[in-house]
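One-letter residues, chain by chain:
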2 protein chains.
Amino acid sequence: MTKWIDCSGPDEDVVISSRIRLARNIENIPFPIALTDKSQQQVYDEINKNIGEDPYELKLMKEMTDEDKCILVEKHLISPSLVESSYGGVLLNQDQSISVMINEEDHIRIQSILPGFQLDDTYELADKTDDKLESNIRYSYDERLGYLTSCPTNVGTGMRASVMVHLPGITITDYISRVFQAANQMGLAIRGIYGEGTKFLGNIYQISNQLTLGRSEKEIIENLKHVTRQIIEKERNIRKQLLQDNKIQLEDKIYRSLGILTHARVLQEVECMKLISNLRLGVFLDIIKDIDSSLINKMIIMTQTPYIKTLINTEDINLINTKRSEIVRNLLRT
Amino acid sequence: MTKWIDCSGPDEDVVISSRIRLARNIENIPFPIALTDKSQQQVYDEINKNIGEDPYELKLMKEMTDEDKCILVEKHLISPSLVESSYGGVLLNQDQSISVMINEEDHIRIQSILPGFQLDDTYELADKTDDKLESNIRYSYDERLGYLTSCPTNVGTGMRASVMVHLPGITITDYISRVFQAANQMGLAIRGIYGEGTKFLGNIYQISNQLTLGRSEKEIIENLKHVTRQIIEKERNIRKQLLQDNKIQLEDKIYRSLGILTHARVLQEVECMKLISNLRLGVFLDIIKDIDSSLINKMIIMTQTPYIKTLINTEDINLINTKRSEIVRNLLRT
């Protein structure tokens, strides 16, 4: 069970998930890039000892199967670069709303994800975990700069707050370019579903703060909340308008997408995400019944090319596209 | 019940139906173009009295609803020009394998249609009906020319033999241009699903003899059989090859077509026929189960624009396309 995937959240018609990430490093241990096996062990011990009473599960990258690592990446619980790190590990709580990456770019990256639009609760979750660790671990901290991190772009709060939003309406009406512009002016970055440099598949966007220095955590979160709230309203208005002006055409597009997803024998990634996007829109416009957001979240995660590659151990794009269609059909059959 | 639609026939993977049409006129009654009400009645009486013991139903165009007339046209049991004729009528036997059009272009047009590739049986059916009528009616006949008809292109045998074939394989591989060429050399015409001048929708073609003069009925039929037999073999070989070389892609195309047909809320005529063609191919490649040729025949008939126009009494193409999708969904739900 992964809370952000399996559960409902506020404003989930537009906001898929809310995420907070805090970058921390332990004083007197070299940054991961310079780590030896011994100091690597030291990082684990420090974290393990201080994570508190919640049952956390520790997973070491080198002990995990490729498939398991891949699933954690697709679920956004760990980063692809953690997988590459032979000294990397992750602590996960039971509902996977908290993941603590160890020896990624920084010693510690505390991450919390919750379904829907709930940045305050998400921050609280990350903050509590941070407090637990900080009560016993001495972080690298500078009175003037704040938390010190491997990459200067994270120095200060060490925090990245983000929302993953589904904007089919805003995208279809080309209003999206204005969203990009506005976000930029507000110091926010917009990325595709799998972070920097990835394509905007399935009309899904990640919006996050660019600055970590010179603003408090609260200010950063309030800013992101403010912009997201406006985007939610705009997206809802456009959807309402589409439904009013082109009901039949919209229903046709959504039902055809369902028809293709349930019947295709070959599905390319870009097309698949487009169809899933239409389906998600249909679910929240109440056009498609009996399918919920958790099924769609699973579909997004399980149809990503890297995951399928690992699952069937192939680089053959034909086999991958065939498998993708099979995964989708199986998910929609239930 | 219409036999050619509801029943199976030989070689039905390629040949949808076989049809024979005999044009006849009654001696000493003016051709329909010059008919008065009185002589019109005379034509009816002559035919009715001589049609024999089979229970035939007589339908007069002026007494039928637009919808009923339209269905008979779509089923190829009467021609659109009979509908236009206020003096027109049709005799239908119980399984509608025989239809005798009265006062169309000629006084009498005997037509037989059977499912699949069975031109001999189809001819026999028409010929028997012709004999019954001829035993009591004196046809306009010339020793040298043969049967006399309104249009000189029908003089002689007065016969048009045709097969309606489904050639998705031949069409997709562009072999169709060679079929056209060969048919032409053999004195055969190829037309779309609804006769001369109609588009080749759904990869369905009607192949018929062009000449009625100077050849016996048997020769005309043998010639058409010979060409059709070659087309059947070619079509089957191409399908087999497609299945061997592109199985997954072919299955994908066929299943997607089923997915769209079962889900779309708007279906344009051309797209609809293309999807039905894919579905029909899938049925006879045994890729799609639980759907038989009779359902597909019904779908072709009930999705034609003129029929839907009459059914919902509109010229609005949006309403027609919406209704078309509804008809298809209902048919596929059963």
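Basis of the calculations
- Residues numbered from 1 in each chain as written.
- Chains lettered and ligands numbered in written order.
- Predicted model: local features only at pLDDT ≥ 70, side-chain atom pairs only at ≥ 80, totals over all residues.
- Heavy atoms only, no water.
- Helix = DSSP H or I, 4+ residues; strand = E, 2+ residues; numbered from the N terminus.
- Rg over C-alpha atoms; globule rule 2.2 N^0.38 Å.
- Buried < 20%, exposed > 50% of the residue type's maximum accessible area, 1.4 Å probe, protein only.
- Contact = heavy atoms within 4.5 Å.
- Areas by Shrake-Rupley, 256 points an atom, 1.4 Å probe, with all protein chains shown as cover.
- Buried area = accessible area lost by both parts, 1.4 Å probe.
- Salt bridge = Lys/Arg side-chain N within 4 Å of Asp/Glu carboxyl O.
- Polar contact = N/O pair within 3.5 Å; in protein donor to acceptor, adjacent residues only side chain to side chain.
- Nonpolar A, V, L, I, M, F, W, Y, C, P; charged D, E, K, R; others polar.
- Phe/Tyr/Trp six-rings, centres within 6.5 Å; stacked < 30°, edge-to-face > 60°.
- pLDDT = per-residue confidence, 0-100.
- Pairing = 2+ DSSP bridges.
- Axes fitted to C-alpha atoms, helices over the stretch in contact; angles between N-to-C directions.

(A) Spotlight on the overall build of chain A. Scanning chain A from N- to C-terminus turns up 13 helices and 10 strands. Its C-alpha atoms give chain A a radius of gyration of 20 Å, near enough to 20 Å, the size a compact globule of 334 residues would have. In terms of overall dimensions, chain A has C-alpha extents of about 65 × 45 × 35 Å along its principal axes. Taking all 334 residues of chain A together, the buried fraction comes to 57%. The contacts in chain A between residues at least 6 apart in sequence include a share of 70% that link residues at least 24 apart. Put simply, chain A shows about 14,800 Å² of open surface, and 48% of that area lies on carbon and sulfur atoms.

(B) Layout of the interface of chain A and chain B. The interface of chain A with chain B comprises 16 residues on the first partner and 16 residues on the second. Buried area between chain A and chain B, summed over both chains or domains, comes out near 1,500 Å², and the portion from carbon and sulfur atoms is 62%. Between chain A and chain B we count 2 salt bridges in total. We note a salt bridge from Glu271 of chain A to Arg256 of chain B, for which the minimum N-O separation is 2.7 Å. Scanning the region where chain A abuts chain B turns up 8 residue pairs in polar contact (both at pLDDT 80 or more). Top contributing element to the side of chain A that touches chain B by residue count: helix H9 (residues 247–263) of chain A, with 10 residues. For the side of chain A that touches chain B, a count of residues per class yields 7 nonpolar, 4 polar and 5 charged.

(C) Quick peek at the packing of aromatic side chains. Residue and element names in this part refer to chain B. Taken as a whole and judged by the stated rule, the model has 10 aromatic pairs over all chains. With 4.9 Å between their ring centres and 70° between their planes, Tyr141 and Tyr147 make a pair best called edge-to-face. What makes Tyr141 partly exposed here is its relative accessible area of 42%. Centre to centre, the rings of Phe180 and Tyr205 are 6.1 Å apart; their planes meet at 80°, and the pair counts as edge-to-face. Residue Phe180 is found in helix H7 (residues 176–185), and its partner Tyr205 is found in strand S10 (residues 204–209); the two are separated by 25 residues along the sequence. Looking at Phe180, the relative accessible area reads 28%, which means it is partly exposed.

(D) Highlighting unusual backbone geometry. All names here are of chain A. Look at His76: it is not a glycine, yet its phi comes out positive at around 65°. In this fold, His76 is placed in the loop between helix H3 (66–74) and helix H4 (80–84). Accessibility expressed as a relative area gives 9% for His76, which makes it buried. Phi angles above zero are rare outside glycine, and Gln96 is one such case at about 55°.

(E) Summary view of the environment of Arg19 of chain A. Topologically, Arg19 of chain A is positioned in strand S1 (residues 15–24). With 307 residues separating them along the chain, Arg19 of chain A and Glu326 of chain A place their C-alpha atoms 31 Å apart.

(F) The confidence of the model for chain A, seen in detail. Across chain A, the average pLDDT comes to 92, with 97% of residues at or above 70. With a pTM of 0.91, the predicted complex shows an ipTM of 0.89.

(G) Here's a closer look at the pairing of strand S3 (residues 89–92) of chain B. Residue and element names in this part refer to chain B. Every second residue of S3 is oriented toward a common face, with Gly89 and Leu91 on one face and Val90 and Leu92 on the other, all of them buried. Of the pairings in the sheet, the one linking strand S2 (residues 57–60) to S3 comprises 4 bridges and is antiparallel in character. If you follow Leu60 over to S3, its bridge partner there is Gly89. Here S3 pairs with strand S4 (residues 98–102) via 4 bridges, running antiparallel. Considered in S4, the bridge of Leu92 is made with Ser99.

(H) Here's a closer look at the sheet that holds strand S10 (residues 204–209) of chain A. Residue and element names in this part refer to chain A. On the basis of which strands lie adjacent, the open sheet formed by 8 strands has the order S2-S3-S4-S5-S1-S8-S10-S9 and antiparallel pairing. Here the strands that pair on one side only, and so sit at the sheet edges, are strand S2 (57–60) and strand S9 (188–191). Adjacent strand axes in the sheet meet at a mean angle of 20° when their direction is disregarded. Each of S9 and S10 touches helix H7 (residues 176–185); the most contacted strand, S9, lies at about 140° to it.

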